[in-house]
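Analysis of the macromolecular model
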Amino acid sequence: MDWSAIFGVSLFAAGLRLAMPTALAAVGECFCERAGVLNLGLEGMMLAGAFASFVGADYAGSAAVGVAAGIGVGVLLGAVMAFLSVHLKTEQVINGIAIVIFAQGLTAFAYEKIYGQSGASPQITPLADVRIPGIASIPWLGPVLFEQNVLLYVSLALTFGVWLLLYRTRFGLSVRAVGEAPAAADAAAVSVDRVRWLALLVCGGMAGLGGAVLVVGQLSLFNVGITAGRGWVAIALVIFGRWNPLLVLGGALLFGFTDALQLRIQASSGGINAGVPYEFFQALPYLITLAVMVAATVWSRRNAQPSALGVPFTKGVSQ
Amino acid sequence: MTALELALPQESRRAAQIRTVGATLAAVALGLAAGSILIVIAGGRPWSTYADMAKGAFGSLFGFSAVLVQAVPLLVIGLGLALAFRGRVYNIGAEGQFYVGALAGGAAVILLPIHVYPLLIALGMIAGAAGGAAWGWLVGKLRARWGVNEVITSLLLNYIGIFLFSYAVRKPLRDPDASSLASKAVPEGTRLPNLPHLSTHIGIVVGLALVPLLAYVMDRTPFGFRVRMMGLNADAASVAGVDTGRMVVRLMVISGGLAGLAGIIQVLGVQGRLDTSLSQGYGFTAIVVALLGRLRAVGVLFAALLLGGLTIGGQAASIDQGLPYAIVLGIQGVFVVFVLVADRFARA
C-alpha cells in the first residue's frame, strides 16, 4: 500500500471539503443548543436545503441562487421547528424527529414531481474553485486551504462569526443565559422566546447552507439519501465539541479527515483492506461517530463534575 | 397523558380521552387537507385522488389484504415504539433493529438443519426478536450507563445494522444462483401461510394479538405504571424508587425486540429471503404510526391500518392518476406535524 499517496496533500484538501457541510450544520446546532433548544430536525433541514439548492442551481443556472434557496428552505424549516418548540412548546425530541420525517417526505415528493421516478438526477454545474493568487502557491498549505471553492471560506467565516457572537457580544451573552437559566434571563428582561426563535432560524439557515454546500459546492447531483445521516453526525459533534463552536468545527474537521482517509483506503487495492468487506468501510464513519460520542459523553460528564460539587446528591435526581 | 390526568377521577379521564380522539381525528383531517395541496401541486384532483386511494385500499378484498400486509410491520414496530415513547425513551433505530432481527432470524431459519417447520419458525422468530433486542439493548445500555443520547445512537446504529445486513446478504448467506443480490430462500415449509379468503399472511394475527397484550402491559401492570411515571417525570420516578436506568434498557430491549420480530415476520411472510428491499422504511413510518396512535395500543392499530391504507391506496392512485408515488411520503410527513399541533390543543 502506498501510504504517501494516501496521506498526500489531496487527503487534507478532501478532508476539509468533506467536513464542511457537517461542520456548518453542527455549528448551527451548537448555536441553538446554547439557546436551550435541542434541534433534532437537523438531518431534515440539511436534506431540504440540499434539494432546494439543487433545484435552484438547476433552474436558475446559478450556484448563488441555489445557495440562497438552500438557506431559505433551511430557515423555513427552522421556523416550523420554532413554531412547534418555542410557540406551542411541544416536546423537542419529537418535534425534531417530526421535522426530519416532514422534510424527507416533502423532498421525496418534490423530487419525484420535478425529476421523475428514474432516480438519476441531472448534473448541475459545480461551483468553480477559487485559486487565491500568491498564497495558493505556498507548498502544502496552498492546495489545502487556498484552492477551494468560495463556500469553504464563507463556512469558516460563519463558524468564527458564531463563536464571536456567542462569546464576544451582549446578544451572545443573552443566548447563553437563555440556555443556562431561562428564568434568570427572563428576569433580566431578555425575551427567551425571541432569542430561541432567532437561534432556530439561524440553525435552520446554517443546516440548509450545509446541504447546499454538499450539493452545489461538491457533488453537483441530488438523490433523496444524499445527506446520509450527516445531520445526526453533526448533533453528535456538538456533544463532542462541548457546545463550543470552535471545538465543534475541530471535531467536524477530524471527522472529515477520517472520512477522506477511509475513502482512500477503500479505493486503494491490496494492503490492509484486502479481505475487509467494503460494508465495513461504509459503516466506519457511523461507528467512529458512535465511539466518539460515547467517549465525549463520558469525558464531559467527568469534566463537568466540578459545577455539581457541593450540590447534595440524591440518586437519579442530579443534573 | 398529563400528571393531572392521572390523578383525576374516571369521568374527567373519559372527557380527556374524547378530547384526545377528537384532536387526533382533526389532525388526520388537517393532514389530508394539506395533502390535497400536494395533490394539486402534482397536477391531480384531490377529491378523486382520495376516492381512488380509498377504493384501492379498502374497496376490494384484494386491496384490503395488501393493506393488512403493509400494516403488519407498522403495527408490530409501532406498538414497541409507543411503549418506549411513553417512557420518553426515543428509539428511532427501529429500521436497523428490523434489519438485524431479519438477519438473525433469517440466518437461523436458513442455516439450522431442522425439518420440523413449526419449530423452525418459532426458533426463527425468537432469533429475530433477540437480534433486534440486542441492537436495542446496546442503545439502552449506553444511555443507562453513561447517559449517551439514545436518539442519536439508535439512529447511527441504523446505518451500521443495515451495512451488516447487506454484507451478510452479499457474502455468507448469498444465493449464488439468484439473479439479484439476495440470500438463499428460507425453506418452503417456514413460509407463513395466508389467512383463509385473504392474501394476507398470518403475521397479522401475531400483530393483532400483540395489541391487547401491549395495552394490558401499558395500562394494567406495575411495569406499565412505571413507564408512565418515567414519561411524566423521570426524576420523580427515580425518587419514588423506579430504577430508571434499568427501565431504559428494558424499553429499548422490548421496542428493539418487536422491531426485530417484525423483520423476521416480513422475511417469512412476504419476501421469503433476505434482500435489501426488505423494509420500505417501516422503521421510520412506524414512528408516525406510534405518534398518530397517540402512544396507545389501539390507536397504533388504527394508525397502522391508516398508513398501510395510504401506502396501498397511494400506489393505486399514483398509477390511475399519474401522480408521483412519493406523494404518500409527503402526506405522511404532513401528518406527523399536524399530530403535534393537535396534541398541543388536546392538552389545552
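The residue count restarts for each chain, going from 1 along the sequence in the order it is written. Each chain is given a letter, starting from A, and each ligand a number, starting from 1, according to the order in which they appear as written. In keeping with the predicted nature of the model, local features appear solely for residues at pLDDT of at least 70, side-chain atom pairs appear and are counted solely at 80 or more, and the whole-chain, interface and lining totals rest on all residues. In computing side-chain properties, one takes all heavy atoms of the structure into account and sets aside hydrogens as well as water.

1. A look at the overall build of chain B
What counts here: Per the convention used, a helix needs a DSSP run of H or I reaching at least four residues, while a strand needs a run of E reaching at least two, with both numbered from the N terminus. Taken over C-alpha atoms, the radius of gyration is set against a globule rule of 2.2 Å times the number of residues to the power 0.38. Each residue gets one of three labels from its accessible area relative to the maximum for its type: buried under 20%, exposed over 50%, partly exposed in between, using a 1.4 Å probe on protein chains only. Contacts are residue-level and defined by heavy atoms, with any inter-residue pair within 4.5 Å sufficient.
Secondary structure assignment for chain B yields 14 helices and 0 strands. In sequence order, chain B lays out its α and β elements as α-α-α-α-α-α-α-α-α-α-α-α-α-α. Since a compact globule built from 348 residues should have a radius of gyration of about 20 Å, the 20 Å found for chain B is in line with a globular shape. In terms of overall dimensions, chain B has a C-alpha envelope of 60 × 55 × 35 Å along the principal axes. Considering chain B as a whole, with its 348 residues, one finds that 57% of them fall into the buried category. Partitioning the contacts of chain B with sequence separation of at least 6, the portion at a separation of at least 24 is 75%.

2. Details of the overall build of chain A
Here is the rule: Each accessible area is a Shrake-Rupley result for a 1.4 Å probe, and residues are judged covered by the shown protein chains and nothing else.
Of regular secondary structure, chain A possesses 13 helices and 0 strands. Sequence-ordered secondary structure for chain A, helices as α and strands as β, is α-α-α-α-α-α-α-α-α-α-α-α-α. A sequence separation of at least 24 residues applies to 74% of the contacts in chain A between residues at least 6 apart. Surface exposure of chain A reaches about 13300 Å², of which carbon and sulfur atoms provide 67%.

3. Some points on the packing of aromatic side chains
Quick reminder of the rule: Each Phe, Tyr or Trp ring, with Trp reduced to its six-membered ring, pairs with another whose centre is within 6.5 Å; inter-plane angles below 30 degrees give stacked pairs, above 60 give edge-to-face pairs, and intermediate values give tilted ones.
Under the definition given, this model contains 16 aromatic pairs over all chains. Through a chain of ring-to-ring contacts, three or more aromatic side chains come together here, namely A:Phe51, A:Phe54, A:Tyr111, A:Tyr115 and A:Phe222.

4. A word on unusual backbone geometry
All names here are of chain B. Unlike most non-glycine residues, Arg88 shows phi in positive territory, near 55°. Relative to the elements of secondary structure, Arg88 occurs in the loop between α4 (61-86) and α5 (94-111). Of note, Leu295 is a non-glycine position whose phi angle comes to about 60°, a positive value. Here Leu295 lies in the loop between α12 (282-292) and α13 (297-321).

5. Things to note about the pattern of salt bridges
Operational definition: Salt bridges are identified by distance alone: a Lys or Arg side-chain nitrogen within 4 Å of an Asp or Glu carboxyl oxygen.
With the rule as written, the count across this model stands at 6 salt bridges over all chains. Its salt-bridge partner being A:Glu279, residue B:Arg170 comes within 2.7 Å of it at the nearest N-O pair. Of this pair, B:Arg170 sits in helix α7 (residues 150-170) while A:Glu279 sits in helix α13 (residues 278-308), which puts the two residues in different chains. Classification of A:Glu279 by relative accessible area gives buried; the value is 4%. The salt bridge involving B:Glu150 is made with B:Arg143; its shortest N-O contact spans 3.2 Å. For B:Arg143, a relative accessible area of 25% translates into the label partly exposed.

6. Comments concerning the interface of chain B and chain A
By a widespread convention, an interface's size corresponds to the accessible area lost as its parts come together. Threshold: Once two parts are joined, some of their accessible surface, as seen by a 1.4 Å probe, is lost; buried area is that loss totalled over both. Counting of polar contacts relies on pairs of N or O atoms within 3.5 Å, with two restrictions inside protein: one atom must be capable of donating a hydrogen and the other of accepting it, and residues adjacent in sequence are counted only when both atoms are side-chain atoms. When residue character is reported, Ala, Val, Leu, Ile, Met, Phe, Trp, Tyr, Cys and Pro are called nonpolar, Asp, Glu, Lys and Arg charged, and the others, Gly included, polar.
Tallying the contact residues gives 46 residues for chain B and 46 residues for chain A. Three residues, B:Ile152, B:Leu156 and B:Phe163, lead the burial of chain B against chain A; their summed loss comes to 15% of the area buried on that side. The tally of links between chain B and chain A comes to 2 salt bridges. Notably, a salt bridge pairs B:Arg88 with A:Glu91, separated by 3.5 Å at the nearest N-O pair. Our count for the contact surface shared by chain B and chain A stands at 6 residue pairs in polar contact (both at pLDDT 80 or more). Secondary-structure elements contributing two or more residues to the side of chain B that touches chain A are α2 (10-41), α6 (117-146), α7, α10 (234-239), α12 and α14 (327-347) of chain B. Looking at the side of chain B that touches chain A, its residues break down into 34 nonpolar, 7 polar and 5 charged.

7. Considering the nonpolar core
To keep things clear, this is the line we draw: We define a nonpolar core as any set of buried Ala, Val, Leu, Ile, Met, Phe, Trp, Tyr and Cys residues linked to one another through side-chain atoms lying within 4.5 Å.
One finds A:Phe222, A:Trp232 and B:Ile77 to be the most contacted residues of the largest nonpolar core, which totals 198 residues. Setting aside chain neighbours within four positions, we find B:Ile77 in contact with B:Ala94, B:Phe98, B:Ala259, B:Ala262, B:Tyr282, B:Gly283 and B:Ala286.

It is worth stressing that arrangement in space is one thing and function is another; only the former is reported here.
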